[in-house]
Amino acid sequence: MTTSTLEDTALSVRTENLSVRFGGVPALDRLDLRLAPGKIHGLLGRNGSGKSTLAATLAGFRRPDEGRVLLGSGDIGAAHEPYENAVATSRVCLIRESGDLVGAAPVRRAIDLAASLRPYWDSELAGNLMDRFEIPLNKKVQKLSRGKKSALGVVLGLASRAPLTIFDESYLGMDVPSRTLFYDALLADYAEVPRTIVLSTHLVSEVSAMLEEVVILDNGRLVTQAPVDTLRGRGASIVGPAAAVDEFTSGFTVLAQERLGGTKSTTVLGDLDPALVTRATAAGLEIGPVGLQELFVHLTAPTGVRA
Ligand SMILES: Nc1ncnc2c1ncn2[C@@H]1O[C@H](COP(=O)(O)OP(=O)(O)OP(=O)(O)O)[C@@H](O)[C@H]1O
């Protein structure tokens, strides 16, 4: 049974002027981030934006070239730099799509190894998830299908109950039912044992409902960091009769449009003040928040393409 509290176990993360370079080329460029403890953070960015490099650096797999990463909680105290720091890294679990599992060993061995390394490991949860994902314990890891390997990674990540758990595209190999199972299991276990979760992905629409905070990277730089609701408030979707929607949205920056018969849905950038909302309602239009995916596409579009 888990008796630890959020204050004890969920790690907070801070990066200060964090830069990581490969051959002199920055993969992360002077990042200043704050990840609040006990939340589900989405780490979003297009291919090559620096998500995996950031995940690896937070987990202490990589030394920053400049700046630093600081992890802290009531459990270990504040301000631990994770690189070559066993206390801090035992509390961080990074699950990568590439897999860091010993291929020649049976699955059972991978589970035993994780159990011995992880201070918050939950064997009951691991067993339950292994059953639900139907992962055979006696098979060698390298003989598992890609999807089952991903599922094993996900089980190790969840059952670690690490105060900072990072899933770096680790569920990409899984089919839709398995990914749905992962999302459900993550939410259920997070409700029981809140910890700091980072989901790195470019499948924005699939995970957006789970996220509380979002970090968007582009070319190694921080584009934005904000609660999901704040981001969704940066735009609006206007739905109604096509002609009325077109008239209302003229002059706005349009992020997306969809039409079904005479009805149209247009997503625009910008804050709608109360007078505009009243005008829209009077014209028979419905106003909703902007989709995270549409905002993401807009914010990370190559310069010149941004509306
Ligand atoms: N080991 C490496 N050697 C050289 N360059 C690297 C290395 N790892 C990453 N990079 C470069 O750093 C930049 C960021 O890569 P990173 O893998 O962190 O991005 P990403 O957002 O995770 O991408 P993706 O979504 O495609 O996985 C890219 O330009 C990449 O080519």
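For clarity, every value in this text was computed on a predicted model and none was experimentally measured. Sequence order as written defines residue numbering, which begins from 1 separately in each chain. Per-residue local features of the predicted model are confined to residues with pLDDT of at least 70, and side-chain atom pairs are confined, for both listing and counting, to 80 or more; whole-chain, interface and lining totals are unaffected and use all residues.

## Some points on the overall build of the chain
So, step 1. Along its length, the chain carries 12 helices and 14 strands.
So, step 2. Atoms counted for the radius of gyration: C-alpha only. Globule rule: 2.2 Å times the number of residues to the power 0.38. Radius of gyration (C-alpha) of the chain: 21 Å, near the 19 Å computed for a compact globule of 307 residues.
So, step 3. Considered along the principal axes of its C-alpha atoms, the chain spans approximately 65 × 45 × 40 Å.
So, step 4. Looking at the chain residue by residue over its 307 residues, the buried ones come to 41%.
So, step 5. Here the analysis covers contacts within the chain between residues at least 6 apart in sequence; of these, 71% occur between residues at least 24 apart. Strands here mean DSSP runs of E at least two residues long; helices mean DSSP runs of H or I at least four residues long; both are numbered from the N terminus. With C-beta atoms placed from the backbone, the exposure class of a residue follows from how many other C-beta atoms lie within 10 Å of its own: 20 or more, buried; 12 or fewer, exposed; in between, partly exposed. A pair of residues counts as a contact when their C-beta atoms, built from backbone coordinates, are separated by no more than 7 Å.

## Details of the site of the ligand
So, step 1. The ligand sits among Phe-22, Ala-27, Gly-45, Asn-47, Gly-48, Ser-49, Gly-50, Lys-51, Ser-52, Thr-53 and His-202.
So, step 2. Of the residues forming the shell around the ligand, the biggest block, three residues, is contributed by helix 2 (residues 51–58).
So, step 3. Here the shell around the ligand is built from residues that sort into two nonpolar, eight polar and one charged. Defining nearness, a residue is near a molecule or strand when the C-beta atom obtained from its backbone falls within 6 Å of it. Ten residues, namely Ala, Val, Leu, Ile, Met, Phe, Trp, Tyr, Cys and Pro, are considered nonpolar, four, namely Asp, Glu, Lys and Arg, are considered charged, and the remaining ones, Gly among them, are considered polar.

## Brief notes about the domain arrangement of the chain
So, step 1. Start and end positions for the domains come from either an automated domain assignment or a database one. Partitioning the chain into domains gives domain 1 (6–227) and domain 2 (235–289).
So, step 2. Summarising the inter-unit geometry, the C-alpha centres of domain 1 and domain 2 are found 38 Å apart.

## Considering the nonpolar core
So, step 1. Here a nonpolar core is just a set of buried residues of the types Ala, Val, Leu, Ile, Met, Phe, Trp, Tyr and Cys, joined wherever their C-beta atoms sit within 7 Å. Leu-58, Val-92, Leu-152, Val-155 and Ile-166 are the most contacted members of the largest nonpolar core, which has 71 residues in total.
So, step 2. A per-element tally of this core places helix 6 (residues 146–160) first, with seven residues.
So, step 3. Viewed by domain, this core spans two of them, domain 1 (6–227) and domain 2 (235–289), each represented by three or more residues.

## What about the sheet that holds strand 2 (residues 25–35)?
So, step 1. Only strands that DSSP links by at least two bridges are regarded as paired with each other. Spatially, the four strands line up as an open sheet ordered 2-1-4-5, and their pairing is antiparallel. Whereas interior strands pair on both sides, the edge strands pair on one side only; in this sheet they are strand 2 and strand 5 (77–80). Direction aside, neighbouring strands of the sheet carry axes that sit 15° apart on average.
So, step 2. Taken together, the two bridges between strand 4 (residues 66–73) and strand 5 define a ladder with antiparallel strand orientation. Paired with Ser-73 across the strands is Gly-77, a residue of strand 5. A fitted line through C-alpha atoms serves as each axis, taken over the contacting stretch for helices, and the angle formed by two N-to-C directions is quoted from 0 to 180°.

## Examining the packing of helix 5 (residues 123–132) against helix 6
So, step 1. At a minimum axis distance of 9 Å, the contact between helix 5 and helix 6 shows a crossing angle of 155°. Taken together, helix 5 and helix 6 sit at an angle that is classed as roughly antiparallel. Where helix 5 crosses over helix 6, the two elements pack in a sense that is right-handed. Residues Leu-125, Ala-126, Leu-129 and Met-130 of helix 5 touch helix 6, and the partners they reach there are Val-155, Leu-158 and Ala-159.
So, step 2. In terms of residue class, the contact of helix 5 with helix 6 is built from seven nonpolar, no polar and no charged. Any angle from 65 to 115 degrees is called roughly perpendicular, while one under 35 is roughly parallel, one over 145 is roughly antiparallel, and all others are oblique. By convention, the crossing between two helices is left-handed when the near helix turns anticlockwise from the far helix through less than a right angle, and right-handed when the turn is clockwise.

## Quick notes on the pairing of strand 8 (residues 196–201)
The two faces of a sheet get side chains in turn, since along a regular strand they alternate between them.
So, step 1. For strand 8, the tally of buried residues reaches six of six residues, placing the bulk of the element in the interior.
So, step 2. Neither face of strand 8 is left uncovered, since the one carrying Thr-196, Val-198 and Ser-200 and the one carrying Ile-197, Leu-199 and Thr-201 both have all their residues buried.
So, step 3. Bridge count for strand 3 (residues 40–45) against strand 8 is five bridges, and the pairing is parallel. What sits directly across from His-41, in strand 8, is Val-198.
So, step 4. Bridge count between strand 7 (residues 164–168) and strand 8: five bridges; the pairing is parallel. Note on strand 8: the bridge partner recorded for Asp-168 is Ser-200.
So, step 5. Throughout, right-handed denotes a crossover for which the path from the first strand over the helix to the second runs clockwise when the strands point away from the viewer. You can see the chain leave strand 7, run along helix 7 (residues 176–192) and come back into strand 8, and the turn it takes is right-handed.

## Regarding the sheet that holds strand 6 (residues 92–96)
So, step 1. Taking strand neighbours across the sheet as the criterion, the six strands line up as 6-7-8-3-9-10 in an open arrangement whose pairing is mixed. The open sheet is flanked by strand 6 and strand 10 (221–227), the only strands paired with a single partner. Averaged over all pairs of adjacent strands, the angle between strand axes in this sheet comes to 15°, irrespective of strand direction.
So, step 2. Two strands pair when backbone bridges link them, and strand 9 (residues 213–218) and strand 10 are joined in this way by six bridges, in the antiparallel orientation. Across the sheet, the residue bridging to Ile-216 is Thr-224, located in strand 10.
So, step 3. Sitting on the sheet, helix 2 touches strand 3, strand 6, strand 7, strand 8 and strand 9, and the angle it makes with strand 7 is about 155°.
So, step 4. Its contacts with the sheet put helix 6 on strand 6 and strand 7, and the angle it makes with strand 6 is roughly 165°.

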